[in-house]
Amino acid sequence: MIHRKIAIGFVRLLKSDITIKKMLNTIYVVEVEDYNLEEWRIDLNMLRESVPEITWNVSTYAVDIENMSLNDLYFATV
């Protein structure tokens, strides 16, 4: 999962796979084990202040911003 506008990527990697990290040196890479774990949250105020290029127009019924998975985020924003 890579977002071009803010250059952030979530990548499932093996610990021994450092080649992809070198190739993606312009993207902030977050290694994750599972895109389905509901362990992520979004602080919308911080998002608006930190990354004004991004607008959050996702319904509260689509994504629980206090407890979401990366798949929730992806499918709600693509």
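Throughout, residues of each chain are indexed from 1 in the direction in which the sequence is written. Reporting in this predicted model follows two pLDDT cut-offs: at least 70 for local features of residues, and 80 or more for side-chain atom pairs to be given and counted; totals over whole chains, interfaces and linings ignore these cut-offs and use all residues. No hydrogens and no water enter the side-chain calculation; it runs on all heavy atoms of the structure.

**Student:** Mind showing me how you'd approach a nonpolar patch on the surface here?
**Tutor:** Among the surface-exposed residues, Tyr 74, Phe 75 and Val 78 lie close enough to one another that they form a single nonpolar patch of about 350 Å² accessible area. Structurally, Val 78 is set in the segment after α3 (70–77). A residue is classified by how much of its surface remains accessible, and Val 78, at 66% relative accessible area, is exposed. Exposure above 30% relative accessible area and the absence of a salt bridge qualify a residue for a patch, where like charges join within 9 Å and nonpolar side chains (Val, Leu, Ile, Met, Phe, Trp, Tyr) within 5 Å. Every accessible area reported is derived by Shrake-Rupley at a probe size of 1.4 Å, with residue values counting cover from the shown protein chains alone. Every case where a carboxyl oxygen of Asp or Glu lies within 4 Å of a side-chain nitrogen of Lys or Arg is listed as a salt bridge. Only DSSP runs of H or I covering at least 4 residues are called helices, and only runs of E covering at least 2 are called strands; the numbering of each starts at the N terminus. Residue exposure (1.4 Å probe, protein chains only): buried if accessible area is under 20% of the type maximum, exposed if over 50%, otherwise partly exposed.

**Student:** What am I meant to see in the pattern of salt bridges here?
**Tutor:** Evaluation of the coordinates by the stated rule reveals 1 salt bridge. When the shortest N-O distance is used, the salt bridge between Arg 41 and Glu 66 registers 3.2 Å. Here Arg 41 is found in the loop between β3 (28–31) and α2 (44–50), whereas its partner Glu 66 is found in the loop between α2 and α3, with 25 residues between them in sequence.

**Student:** I'm lost on the confidence of the model for the chain in this one. Help?
**Tutor:** In regions of low pLDDT, the predicted coordinates are not meant to be interpreted in detail. Per-residue confidence for the chain averages 75 on the pLDDT scale, and 63% of its residues sit at or above 70. Per-element averaging of pLDDT across the chain places strand β1 (residues 2–3) at the bottom with 52 and α2 at the top with 85. Confidence of the predictor at the level of single residues is given by pLDDT, which spans 0 to 100.

**Student:** So what exactly am I meant to see when it comes to the environment of Asp 64 here?
**Tutor:** Of note, Asp 64 is situated in the loop between α2 and α3. Overall, Asp 64 belongs to the partly exposed group, its relative accessible area being 42%. Asp 64 sits 22 residues away from Ile 42 along the chain, and the two C-alpha atoms are 9.0 Å apart.

**Student:** Even after reading the chapter, I still don't get the nonpolar core, so can you show me in this structure?
**Tutor:** Side chains of a nonpolar character, in soluble globular proteins, are inclined to be buried together. Judged by nonpolar contacts, Ile 42, Leu 44, Leu 47, Val 51, Ile 54, Trp 56, Val 58, Val 63 and Met 68 together constitute the single largest core of 9 residues. It only takes one pair of heavy atoms within 4.5 Å for two residues to be counted as in contact. Contacts of Val 63, omitting those with residues within four sequence positions, involve Trp 56, Val 58, Met 68, Asp 72 and Ala 76. Put simply, buried Ala, Val, Leu, Ile, Met, Phe, Trp, Tyr and Cys residues joined by side-chain atoms within 4.5 Å make one nonpolar core.

**Student:** Got a minute to help me understand the packing of aromatic side chains in this structure?
**Tutor:** Working definition: an aromatic ring pair is given by the centre-to-centre distance plus the angle between the planes. Under the pairing criterion, centres of Phe, Tyr and Trp rings, with the six-membered ring standing for Trp, must be within 6.5 Å; the plane angle then separates stacked pairs below 30 degrees from edge-to-face pairs above 60, leaving the rest tilted. On inspection of all chains with the given rule, the structure shows 1 aromatic pair. Measuring from ring centre to ring centre gives 5.0 Å for Tyr 74 and Phe 75, while their planes differ by 80 degrees; the resulting arrangement is edge-to-face. When its relative accessible area of 57% is taken as the criterion, Phe 75 is described as exposed.

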